[in-house]
Amino acid sequence: MSLFVRLADWQTDRDAIRKVRQKVFVDEQQVPPELEWDELEESAQHFLIYHHNKPIGTGRLTGGGKIGRMAILKDARGLGAGLELLKRICKFARVSGQKNVYLNAQVQAVPFYEKAGFTVSGEEFMEAGIPHRRMDLTLSDKEPCENTDDWNR
């Protein structure tokens, strides 16, 4: 399965990142564009995942260990791209000295992140008109998100 994740730079990879997020968040989920693009784009560490050399997903890591803007194109879901992308982001965070990471998961995606070892903390809240839950993960010396024995269930 030819999936490949790489570090991305907002300046040079902006078009690919924007294309994925536009399709997933703005077009598919109806997130207002003014909420999708923010002041953190320039300072965030972005990631792109490719399938057969075509960008199919993206995510970013911002200050304090926050994972965000995780998006996989609709026709690429089910390939394992989300997990591969999440593993790479967690590994980058750990190697960069982060002890913990967190994210605001859309409620429908909570089971995906739980399988990767994240735990829900706090109450449900609305973000961009979509219900979310904060989720946390303590990074260890082992490969992040590797407790995935039950991914095929």
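Preceding this paragraph is the structure being described.
Residues numbered from 1 in each chain as written. Predicted model: local features only at pLDDT ≥ 70, side-chain atom pairs only at ≥ 80, totals over all residues. Heavy atoms only, no water.

### Things to note about the environment of Ser121
Here is step 1: Here Ser121 shows up in strand β6 (residues 119–127).
Here is step 2: You can call Ser121 partly exposed: its relative accessible area is 25%.
Here is step 3: Each residue touching Ser121, except ones within four places of it in the same chain, is listed here: Arg134 and Asp136.
Here is step 4: Within the local environment of Ser121, its side chain forms a polar contact with the side chain of Asp136, the two groups lying 2.5 Å apart. (Helix = DSSP H or I, 4+ residues; strand = E, 2+ residues; numbered from the N terminus. Buried < 20%, exposed > 50% of the residue type's maximum accessible area, 1.4 Å probe, protein only. Contact = heavy atoms within 4.5 Å. Polar contact = N/O pair within 3.5 Å; in protein donor to acceptor, adjacent residues only side chain to side chain.)

### Re the sheet that holds strand β7 (residues 130–138)
Here is step 1: Pairing is mixed across the open sheet formed by seven strands, whose spatial order is β1-β2-β3-β4-β5-β7-β6. The open sheet has two edge strands, β1 (3–8) and β6, and neither has a second partner. Each strand of the sheet is rotated relative to its neighbour by a mean of 25 degrees, with strand direction disregarded.
Here is step 2: Where strand β2 (residues 45–51) and strand β3 (residues 54–62) come together, seven bridges link them in antiparallel fashion. Note on β3: the bridge partner recorded for His51 is Lys54.
Here is step 3: Contacts between helix α3 (residues 81–95) and the sheet are confined to β1, β2, β3, β4 (66–72), β5 (100–106) and β7, with β4 contributing the most and set at about 155 degrees to the helix. (Pairing = 2+ DSSP bridges. Axes fitted to C-alpha atoms, helices over the stretch in contact; angles between N-to-C directions.)

### Quick look at the nonpolar core
Here is step 1: Counting residues in hydrophobic clusters, the biggest one holds 33 residues, and the most contacted among them are Ile67, Leu85, Leu86, Cys90, Val101, Tyr113 and Phe118.
Here is step 2: Of all the secondary structure elements, the ones that give two or more residues to this core are α1 (10–28), β2, β3, β4, α3, β5, α4 (110–115) and β7.
Here is step 3: With residues up to four places along the chain from it excluded, the contact list for Ile67 reads Arg60, Leu61, Leu86, Ile89, Cys90, Val101, Tyr102, Leu103, Asn104 and Phe118.
Here is step 4: With six residues, the next largest nonpolar core counts Ala8, Trp10, Ile17 and Trp37 among its residues. (Core = buried A, V, L, I, M, F, W, Y, C linked by side-chain atoms within 4.5 Å.)

### Quick look at the pairing of β3
Looking along a regular strand, one sees side chains alternate from face to face of the sheet.
Here is step 1: Counting buried residues along β3, seven of its nine residues qualify, which places the element largely inside the surrounding structure.
Here is step 2: Connecting β2 to the next strand, β3, in antiparallel fashion are two residues, including His52 with a positive phi near 50 degrees.
Here is step 3: What sits between β3 and β4 in their antiparallel hairpin is a turn of three residues, with Gly64 showing a positive phi close to 75 degrees.

### A short note on α3
Here is step 1: The terminal C-alpha atoms of α3 lie 21 Å apart, and with 15 residues this matches the ideal 21 Å at 1.5 Å per residue to within 8%.
Here is step 2: All of the buried residues along α3 are Ala81, Gly82, Leu83, Leu85, Leu86, Ile89, Cys90 and Ala93. (Expected span 1.5 Å × (residues − 1).)

### Some words on the packing of aromatic side chains
Here is step 1: Tallied over the entire structure, the rule returns four aromatic pairs.
Here is step 2: Between Phe47 and Phe92, the ring centres sit 5.6 Å apart and the planes meet at 80 degrees, which makes this aromatic pair edge-to-face. One end of the pair, Phe47, is in strand β2; the other, Phe92, is in helix α3, with 45 residues separating them in the sequence.
Here is step 3: With a relative accessible area of 0%, Phe47 lands in the buried category.
Here is step 4: Considering the side-chain rings of Phe112 and Tyr113, the 4.9 Å spacing of their centres and the 80 degrees angle between planes classify their relative orientation as edge-to-face.
Here is step 5: Note on Phe112: relative accessible area 25%, which makes it partly exposed.
Here is step 6: One Lys or Arg, Arg18, reaches over the ring of Trp37 and ends 4.0 Å from the middle of that ring. (Phe/Tyr/Trp six-rings, centres within 6.5 Å; stacked < 30°, edge-to-face > 60°. Lys NZ or Arg CZ within 6 Å of the ring centre and 35° of its normal.)

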